[in-house]
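Observations on chain architecture
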Amino acid sequence: MDSDTEESLRKRQKRNPFPGDSSRKHLELTPMRQYQNFLQEEDIRLETTRARFANALKRHAELAERFSRDSDKMIFERLQKEFEAARASQTQELYLDGEEWNDGLLATIRERVHMEADRKQMQGDSNMVPDHHEEKSTYRAGNKVICCLEGARIGIQYETSFAGDPCELYHCVLESKSFLEKMTVLEHTIPFFLPIREAENDLLSSNAMRFIDYVGELLQAYVDRREQVRLIKELYGNQIGELYHSLPYHMIEFTLDDFDCKVTVGLRYADLVSVLPTRVKVFAWPMNQFKKNGALGTHPGPVRLSYAEDALRTMSLPEAYAEIVLNLPQAIQQMSVETSPS
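Since we're looking at a predicted model, the values are computed, not measured. (Residues numbered from 1 in each chain as written. Predicted model: local features only at pLDDT ≥ 70, side-chain atom pairs only at ≥ 80, totals over all residues. Heavy atoms only, no water.)

Notes on the overall build of the protein chain
Counting its secondary structure elements, the protein chain contains 10 helices and 11 strands. In the protein chain, which comprises 342 residues, the proportion classed as buried is 37%. Across the protein chain, the fraction of contacts at a sequence separation of at least 24, relative to all contacts at a separation of at least 6, is 54%. (Helix = DSSP H or I, 4+ residues; strand = E, 2+ residues; numbered from the N terminus. Buried < 20%, exposed > 50% of the residue type's maximum accessible area, 1.4 Å probe, protein only. Contact = heavy atoms within 4.5 Å.)

Pasting the structure below:
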């Protein structure tokens, strides 16, 4: 019996001469091997996150497409024709500077559209001869054109631009049952992801002029952010590895891969009328440089690029991008010096 027990113990020791050997091997991994294992695990997590995010972006794009189908295009074409006809029928277009666009003028426009609607109704009831000498005006204030539409409606056409070049036209039509009642948004061609209804609830009944101005600011800021992203893709697309953004472009993420490190950029805008980000995070992952220097085992993690964050807060995205790329080699060299073994 004792001899059998001793034989069993000898066989077990041959298979595993040191108790707890597997855990000891794990503890004896070199720093480089541990770091490589960490990177592999991080890559798997990153790929899983990337796949989920790509799927969400696909659904996002499908939703955007669904909301911009033929029905919306038909509304745009119909309103555009109506605005063109209204402007063609006007006797003059007045350009408003600064304080010339004010609540008093808006009240005058409101009164005029209701008087015109009442006059046409009376003409229809009594067969009165229309007055062809009546003066009709449209008003241009900044990027807005305000005109009187049929049926006691006020139309606002917003003209957006980027770097001096014209972009899309957008429309918003306001109406009220009478001059004394509050106005409401009857229809519009503003993108569904911009908060037009929230602005209507917050501003239109209390300050219609502010509502009209705010919608113009909202549209111009959206176009500005969108065109900035389009421009960096057009100019630097070969250097950008991944780029994600929300529909209003108030959250933007992208990476730079065509260097001795991977740079991740995250931008957040405090509100939808901002054209410069208020929250900026830029990190560099100088993988290739650390491998060259043999300092992989002491790699401290990503390094924050303060100069890049400052550029993104104060410059347009294409200008800031050029600034980041110009100074990136020097920043990588400095990081390599600071993190190399002494």
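There is more to say, and it comes next.
Re helix H7 (residues 208-236)
Along an α-helix, residues three or four apart share an orientation, since each turn contains 3.6 residues. In a regular helix each residue adds 1.5 Å, so 29 residues correspond to 42 Å; H7 covers 42 Å between its end C-alpha atoms and thus fits that length. Among the 29 residues of H7, 21 are classified as buried, and the element is accordingly described as predominantly covered. (Expected span 1.5 Å × (residues − 1).)

Focus on the nonpolar core
Ranked by internal contacts, the top residues of the largest apolar core, which has 63 residues, are Trp 101, Leu 174, Phe 211, Phe 254, Val 263, Leu 305 and Leu 312. Broken down by element, the residue count for this core peaks at 13 residues, all from H7. Leave out the neighbours within four places in its chain, and Phe 211 touches Cys 172, Leu 174, Val 185, Ile 196, Ala 199, Glu 200, Leu 203 and Leu 204. Core analysis: the next-biggest nonpolar cluster, separate from the first, contains 6 residues, Phe 83, Ala 86, Cys 147 and Leu 149 among them. (Core = buried A, V, L, I, M, F, W, Y, C linked by side-chain atoms within 4.5 Å.)

Looking at the pattern of salt bridges
Taken as a whole and judged by the stated rule, the model has 19 salt bridges. As a salt-bridge pair, Glu 217 and Arg 210 come within 3.2 Å of each other at their nearest N and O atoms. Of the residues examined, Glu 217 reaches a relative accessible area of 35% and is grouped as partly exposed. Asp 310 is the partner of Arg 313 in a salt bridge, and the nearest nitrogen-oxygen pair spans 3.3 Å. Taken together, the positions of Arg 313 and Asp 310, both in helix H9 (residues 306-314) and 3 residues apart, correspond to about one turn of that helix. (Salt bridge = Lys/Arg side-chain N within 4 Å of Asp/Glu carboxyl O.)

Overview of the sheet that holds strand E9 (residues 262-268)
Read from one edge of the open sheet, 5 strands run E7-E8-E9-E10-E11, paired in antiparallel fashion. Where the open sheet ends on each side, the last strands, each with one partner, are strand E7 (240-245) and strand E11 (303-304). By the bridge criterion, 6 bridges tie strand E8 (residues 251-256) to E9 in an arrangement that is antiparallel. Residue pairing in the sheet places Glu 253 in a bridge with Gly 266 of E9. Across the sheet, H7 is in contact with E7 and E8; its angle to E7 comes to roughly 165 degrees. In this fold H9 packs onto E9, strand E10 (279-285) and E11, with an angle of close to 145 degrees to the strand it touches most, E10. (Pairing = 2+ DSSP bridges. Axes fitted to C-alpha atoms, helices over the stretch in contact; angles between N-to-C directions.)

Concerning the side chain of Ser 137
Looking at the element boundaries, Ser 137 is found in strand E2 (residues 137-141). A residue is classified by how much of its surface remains accessible, and Ser 137, at 3% relative accessible area, is buried. For Ser 137, the side chain forms a polar contact with the side chain of Gln 92, separated by 3.0 Å. (Polar contact = N/O pair within 3.5 Å; in protein donor to acceptor, adjacent residues only side chain to side chain.)

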